[in-house]
Amino acid sequence: MARILEKTVEIKSSPEKFFDLIVGKQHQVSSLCPSFIRGFELREGEMGQAGSIVLWRYVLDGEEKMMMETMESKDLENNQVTFKVLDGDLMKEYTHFSITLRVTSKEGGVGSVAHWHFKYAKIHKKVADPHSLLQFAVEISKVVDEHLSSW
């Protein structure tokens, strides 16, 4: 049975700038967040394009992890992207894991809102929900936003 976990993050950057860096320049995210992300490798396709496959090496809860994902869809008009996890540490605990990010303008103010949406299925009931991974996405968002805001 599919489960959903979501979180929104208010950011100062425009939706387009934030989305472009997170989705189109993933290699830069790796260099901006060395305490979170230890490596990034484009394995197949063109960076930032649907169908591309990337390998991430990251630190979560003090442990080094690996994740291979494909970009399933990318909607520039709505600043929305969906990634499907293909392999790695997450797939030891989940039979399916997808990550959707949508970035929208903040209503009545400057800045944007990044909405992270995880859809997953656990391999068994004892597997924890991925709250720490969701917080990881929030922290990455803050670092990227800080970088963009300093321009």
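Here, every reference points to the structure presented above.
Remember, predicted model here, so these are calculated numbers, not experimental data.

Asker: Is there a simple way to explain the side chain of Ser30 in this structure?
Answerer: As for its position among the elements, Ser30 is in helix H2 (residues 26-32). The class of Ser30 is buried, set by a relative accessible area of 13%.

Asker: Would you explain the side chain of Ser141 in this entry?
Answerer: By the secondary structure assignment, Ser141 is in helix H3 (residues 131-149). A polar contact of 2.8 Å, which involves the side chain of Ser141, links it to the backbone oxygen of Ala137. If sequence neighbours within four positions are ignored, Ser141 has contacts with Val9, Ile11, Phe18 and Trp116.

Asker: Looking at this model, I keep getting lost on the sheet that holds strand S5 (residues 80-88). Mind explaining?
Answerer: Paired through their backbone hydrogen bonds, the strands of a sheet run either parallel or antiparallel. Taking strand neighbours across the sheet as the criterion, the seven strands line up as S1-S7-S6-S5-S4-S3-S2 in an open arrangement whose pairing is antiparallel. In the strand order of this sheet, the two ends are held by strand S1 (3-11) and strand S2 (37-44), each with one partner. On average, adjacent strands in this sheet sit at an angle of 25° to one another, irrespective of strand direction. Where strand S6 (residues 94-105) lies against strand S7 (residues 112-122), eleven bridges are found, and the strand directions are antiparallel. Following the sheet pairing, Phe97 is matched in S7 by Tyr120. Here helix H1 (residues 15-24) sits on the sheet in contact with S1, strand S4 (63-75), S5, S6 and S7, set at roughly 150° to S6.

Asker: How do you make sense of the pattern of salt bridges when you look at a structure like this?
Answerer: Close approach of charged atoms allows side chains with opposite charge to pair. All chains considered together, the criterion is met by ten salt bridges. The residue Asp129 makes a salt bridge to Lys122 at a minimum N-O spacing of 3.4 Å. Owing to a relative accessible area of 23%, Asp129 belongs among the partly exposed residues under this scheme.

Asker: Where do I start with the packing of H1 against H3 in this structure?
Answerer: Helix packing for two helices is described by the angle between their axes and how far apart those axes are. In contact at an axis separation of 10 Å, H1 and H3 are set at 120° when each is read in the N-to-C sense. Taken as axis vectors, H1 and H3 run oblique relative to one another. Regarding H1 and H3, the two cross each other, and that crossing is right-handed. Contact residues: Lys17, Phe18, Leu21 and Ile22 in H1; Ile140, Ser141, Val144, Asp145, His147 and Leu148 in H3. Its residues assigned to classes, the contact of H1 with H3 comprises six nonpolar, two polar and two charged.

Criteria and cut-off values
Residues numbered from 1 in each chain as written. Predicted model: local features only at pLDDT ≥ 70, side-chain atom pairs only at ≥ 80, totals over all residues. Heavy atoms only, no water. Helix = DSSP H or I, 4+ residues; strand = E, 2+ residues; numbered from the N terminus. Buried < 20%, exposed > 50% of the residue type's maximum accessible area, 1.4 Å probe, protein only. Polar contact = N/O pair within 3.5 Å; in protein donor to acceptor, adjacent residues only side chain to side chain. Contact = heavy atoms within 4.5 Å. Pairing = 2+ DSSP bridges. Axes fitted to C-alpha atoms, helices over the stretch in contact; angles between N-to-C directions. Salt bridge = Lys/Arg side-chain N within 4 Å of Asp/Glu carboxyl O. Parallel < 35°, antiparallel > 145°, perpendicular 65-115°, else oblique. Left-handed = near helix turned anticlockwise from the far one by under 90°. Nonpolar A, V, L, I, M, F, W, Y, C, P; charged D, E, K, R; others polar.

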